[in-house]
Structure formats: structure tokens, C-alpha cells
Amino acid sequence: MAEDPCQDLWYARNLIFDRAGFCFDSTLGKAIFDNSDCTTRTPEFSPEDSLRLARIEAIEDRGACAVNTATTLLDLPDLPLRKRIDPPPVLDPQVPGWGCVGWTGGAGTLHIGQSPNTLISGQVQAGDTITSRYLPEQGWSFLTVERPSTGQRFVGWSKLEVPDTLCESRLD
């Protein structure tokens, strides 16, 4: 759970811009997002995206974030998995992350969006490690699931409740 929160916030903010058709000029923007389908330098956002952008920018301002956009890499290990997630999760470094090592509860489902009707991005099974570093939204939590038995990793939105009593141990 040690990645740079500023890079995570930069990615979430710019993913919203990318999905709105924004054409990136920075080296990092061009490296992370596909400009081949860009349409504008002044995108329009839905009310939900505008609120998410304002929340992200306030957290970035509070943390005095300054991501080096002259580089071509972000230190986000789940970046390939997160590209499909909509809406992007918002990390707030002031809110502590948590983890459940050795899940003993039942199966759970991760989705690419905040609806059970969106595509499934992964499953939670007994023995998995479940972590979250992101702000919950409307009863949904953005989870990272690691399966020690196979080395697989999944990310997605879930309504799974993760009480301490269903974990062999907790990470806080």
C-alpha cells in the first residue's frame, strides 16, 4: 500500500479527462492514455464527473501534489487492471487503508462499475487478501484482491462487507 498517492490521484483525474475525449500534450499523458481517439482540449463533463474531479483536485491541493509529467511511467502496479474501471476510485491519503489477510467468508464479486449489472472484474474466495485504500461511494468499496494460491490479482467495486471476524488477520 505504499504507492505515491499523488500519482494515483493524477491517474484518476486524467482518466476522467481521457474518457471525455481530452487530447493530452504532456509526455506522461500521451504515454498513459491513447490520444488516437481524442477530440478536444476543452472537454465537457457530466455532473458526476465534475464532482469527482473537484474532489480529486481538492485532495491533490491538500497534498501539494506535483506529478512529473515529463516522464512516461506511473508507479501504479494495478494500472492495466484499473483502465476498465468506471468510475475511477478516489484515494484520500488522510483516510487509512485497511486489509484483510486470509478471508474466511463466502465468495464475493468485484465489478468494473458501481452496479451489479456491470462486467465482473474478479471474485473473492476464501484465503484471499483483500485491501482497500479508496473512498467508499454509495455503499460500494473499491477493493484489491490478491489470491496467494495462484498469484492472481483483481481490482473492482464491490458491496462485500469485510468484518474483522472473517479475516485471519488485519492490515491497518
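Going by the structure above, here's the rest.
This write-up is about the structure you can find in this document.

**Considering the state of the cysteines**
So, point 1. Using the criterion set out here, one finds 3 disulfides in the structure.
So, point 2. In this model, cysteine 6 is linked to cysteine 65 through a disulfide, with the two sulfur atoms separated by 2.1 Å. Taking the sign of the S-S torsion, about -75 degrees here, the bridge from cysteine 6 to cysteine 65 comes out left-handed. Placement of the pair is cysteine 6 in helix 1 (residues 5-19) and cysteine 65 in the loop between helix 3 (47-62) and helix 4 (79-82), with a sequence separation of 59 residues.
So, point 3. Classification of cysteine 6 by relative accessible area gives buried; the value is 13%.
So, point 4. Sulfur-sulfur distance for the disulfide between cysteine 100 and cysteine 167 comes to 2.1 Å. Here the disulfide of cysteine 100 and cysteine 167 is left-handed, its torsion about the S-S bond being about -115 degrees. Of the two residues, cysteine 100 is situated in strand 1 (residues 98-103) and cysteine 167 in strand 7 (residues 167-171); the sequence distance between them amounts to 67 residues.
So, point 5. Residue cysteine 100 is classed as buried on the basis of its relative accessible area, which comes to 0%.

**Quick look at the pairing of strand 1**
So, point 1. As paired elements, strand 1 and strand 4 (residues 129-132) share 3 bridges and run antiparallel to each other. Pairing of tryptophan 98 across the sheet is with serine 132, part of strand 4.
So, point 2. With 4 bridges joining them, strand 1 and strand 7 adopt antiparallel strand pairing. Counted as the bridge partner of tryptophan 103 is cysteine 167 from strand 7.

About the cut-offs
Residues numbered from 1 in each chain as written. Predicted model: local features only at pLDDT ≥ 70, side-chain atom pairs only at ≥ 80, totals over all residues. Heavy atoms only, no water. Disulfide = S-S within 2.5 Å. Helix = DSSP H or I, 4+ residues; strand = E, 2+ residues; numbered from the N terminus. Buried < 20%, exposed > 50% of the residue type's maximum accessible area, 1.4 Å probe, protein only. Pairing = 2+ DSSP bridges.

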